[in-house]
Amino acid sequence: MTRHSDIIEQLQRLGFQSVLDLAERFEVSTATIRRDLEKLEQMEMVQRTHGGAYPVRQADAPSILKESLHHREKVAIGKAMAERVLEGQTVLLDGGSTTLEVAKHLRDERFTVVTNDLRIGNEIAKKRNAHLVMIGGELLPNAFSLWGPSSVQQIEQLRVDVAIFGADTVNEDGIFNNNSYELELKRKMRSIANSAFFVADSSKFGREALFRILDMDGFTAGITDDLLDPIRASKFPVPIISVNPGRSDSTAS
């Protein structure tokens, strides 16, 4: 699946790519690339055309398929963030594949998790000592997150120690999403938290996205993988904690 993930990232970065371009890039035959593209089209991750393929926008791709992209990095990021959650804290987990990894790695200690993500809720429900608060609402298209006016109203009644956000795109001025569905909800989530972190793999940095969800100065820190250029990381107004997917240690820029 590694080459499939790399093909998707290549298409998202450059747009249309021919079969020949991809074959040369990945040093495989054109027949192999055609088979790869056929499988990715079946998973609704690319759109094939005569001689090549276009990317399906990541925001439109089914969420369960996004988990396969940069999975190793997301696991390491999730573990690093989970280690920073203290026993007894109330934690708000934004929806997404990286925040799901945070939920999976939370220690089985006494804490409260607030979330609008169905998969995260299911993960927390397995932990004996955790208290789960689910935010209700309507199910987002191609996702597992709940949103809407009732979600915002419920959030307004809560207060949490720390909020942890995912993002479609991370830039020096904030985190961005490709759609505005959860814009009000996410901003309300930040307003009820004493502190906030974002978790995003390095492929999310520097991409284009339309809607700025939260300003960067609203975060305590961000956690990503060590493929992010340290010079770029140093330009952020908050610490960017870098983790190596092959190790458990981390460093801050």
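Residues numbered from 1 in each chain as written. Predicted model: local features only at pLDDT ≥ 70, side-chain atom pairs only at ≥ 80, totals over all residues. Heavy atoms only, no water.

## Brief notes about the overall build of the protein chain
Counting its regular elements, the protein chain contains ten helices and 16 strands. Relative to a compact globule of 253 residues, whose C-alpha radius of gyration would be 18 Å, the protein chain shows 19 Å and is just as compact. Considering only C-alpha atoms, the protein chain reaches an extent of 55 × 40 × 35 Å along its principal axes. The proportion of buried residues among the 253 residues of the protein chain is 51%. (Helix = DSSP H or I, 4+ residues; strand = E, 2+ residues; numbered from the N terminus. Rg over C-alpha atoms; globule rule 2.2 N^0.38 Å. Buried < 20%, exposed > 50% of the residue type's maximum accessible area, 1.4 Å probe, protein only.)

## As for the sheet that holds strand β11 (residues 174-177)
One open sheet accounts for three strands, arranged β10-β11-β13; its pairing is antiparallel. Both edges of this open sheet fall to β10 (169-171) and β13 (211-215), since each of them pairs with a single strand only. Direction aside, neighbouring strands of the sheet carry axes that sit 30 degrees apart on average. Inspection of the sheet shows β11 paired to β13 by four bridges, in the antiparallel sense. Looking at β13, one finds that F176 is bridged to R212. On top of the sheet, helix α9 (residues 183-191) reaches β11 and β13; it is set at about 5 degrees to β13, its chief contact. (Pairing = 2+ DSSP bridges. Axes fitted to C-alpha atoms, helices over the stretch in contact; angles between N-to-C directions. Contact = heavy atoms within 4.5 Å.)

## What about the sheet that holds strand β1 (residues 17-18)?
Taken in spatial order, the three strands of this open sheet run β1-β3-β2, and their pairing is antiparallel. In this open sheet, the two edge strands, each paired with only one partner strand, are β1 and β2 (46-49). Running at roughly 130 degrees to β2, helix α3 (residues 30-42) makes contact with β2 and β3 (52-55) of the sheet.

## Things to note about the environment of F176
Residue placement: F176 occurs in strand β11. On a C-alpha basis, the gap between F176 and L139 in space is 20 Å, while along the polypeptide they are 37 residues apart. Other than its neighbours up to four places away in sequence, F176 contacts A167, D168, T169, N171, A209, F211, R212 and I213.

## Let's talk about the side chain of R190
Examined against the element boundaries, R190 turns out to sit in helix α9. The side chain of R190 is buried and forms no salt bridge, while D217, the nearest opposite charge, is found at 8.1 Å. One polar contact links the side chain of R190 to the main-chain carbonyl oxygen of A193, over a distance of 2.8 Å. Residue contacts for R190: discarding those within four places in its chain leaves F165, S195, A196, L214 and G218. (Lys, Arg positive; Asp, Glu negative; His and termini not counted. Salt bridge = Lys/Arg side-chain N within 4 Å of Asp/Glu carboxyl O. Polar contact = N/O pair within 3.5 Å; in protein donor to acceptor, adjacent residues only side chain to side chain.)

## Some details on α9
Regarding α9, the residues found buried are L183, L185, K186, M189 and R190. Projected onto a plane normal to the axis of α9, the buried residues spread over an arc of 165 degrees and lie on a single side. (Arc of directions from axis to C-beta.)

## Digging into the pattern of salt bridges
Counted under the stated rule, the structure contains twelve salt bridges. Between D117 and R119 there is a salt bridge, and its shortest N-O distance comes to 3.9 Å. For D117, a relative accessible area of 1% puts it in the buried group. Taking the shortest distance from any N to any O, the salt bridge between R212 and D173 comes out at 3.0 Å. Here R212 is found in strand β13, whereas its partner D173 is found in the loop between β10 and β11, with 39 residues between them in sequence.

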